[in-house]
Amino acid sequence: MEVDLIFKIAAVGILVAVLNILLSRSGREEQGLMVTLAGLLVVLIIIVQKISELFDLIKALFEF
């Protein structure tokens, strides 16, 4: 597993957490929720891309 992938996901998590706290304290809970959902979507897209690369690698491994 690539360490860069873990750092990317952690960076998105930290950024989303900070933005969510800032928005919640300023009374904008709805925008905080949208930021959280957007962060989740970004992480899911990253993970789906890596899973797709894994399946391509497995497919190439078993081709003759």
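Residues numbered from 1 in each chain as written. Predicted model: local features only at pLDDT ≥ 70, side-chain atom pairs only at ≥ 80, totals over all residues. Heavy atoms only, no water.

1. With respect to the overall build of the protein chain
Definition in use: Under the DSSP-based scheme used, a helix requires at least four consecutive residues in state H or I and a strand at least two consecutive residues in state E, with every element numbered from the N terminus. We take the radius of gyration over the C-alpha atoms and set the globule estimate at 2.2 Å times the residue count to the 0.38 power. For every residue, the accessible area (1.4 Å probe, protein chains only) is compared with the maximum for its type, and the residue is labelled buried under 20%, exposed over 50%, or partly exposed between those bounds. Note that accessible areas follow from Shrake-Rupley with a 1.4 Å probe, and for residues the cover is restricted to the protein chains shown. The sign given to each residue is positive for Lys and Arg and negative for Asp and Glu; His and the chain ends receive no count. Charge coordinates come from a single atom per side chain, which is NZ of Lys, CZ of Arg, CG of Asp or CD of Glu.
Counting secondary structure elements, the protein chain contains two helices and zero strands. Scaling as 2.2 N^0.38, a compact globule of 64 residues should have a C-alpha radius of gyration of about 11 Å, whereas the protein chain reaches 17 Å, well beyond that. Within the span of the protein chain, comprising 64 residues, buried residues form 12% of the whole. Split by element, the accessible area of the protein chain, about 5500 Å² in all, is 73% carbon and sulfur. Side chains of the protein chain give 5 positive and 7 negative charges; the mean places of these two sets differ by 7 Å.

2. Focus on helix H1 (residues 3–25)
Quick note on the threshold: Residue count minus one, scaled by 1.5 Å, sets the expected span of a helix. Only heavy atoms matter for contacts: two residues are in contact if any of them lie within 4.5 Å across the pair.
Across its 23 residues, H1 extends 33 Å between first and last C-alpha, which sits within 8% of the 33 Å expected from 1.5 Å per residue. Buried residues of H1: Leu5, Val12, Val16 and Leu23, and no others. Lining the buried residues of H1 we find helix H2 (29–62). Taken from the residues just after H1, Gly27 is the one with a positive phi, measuring 85°.

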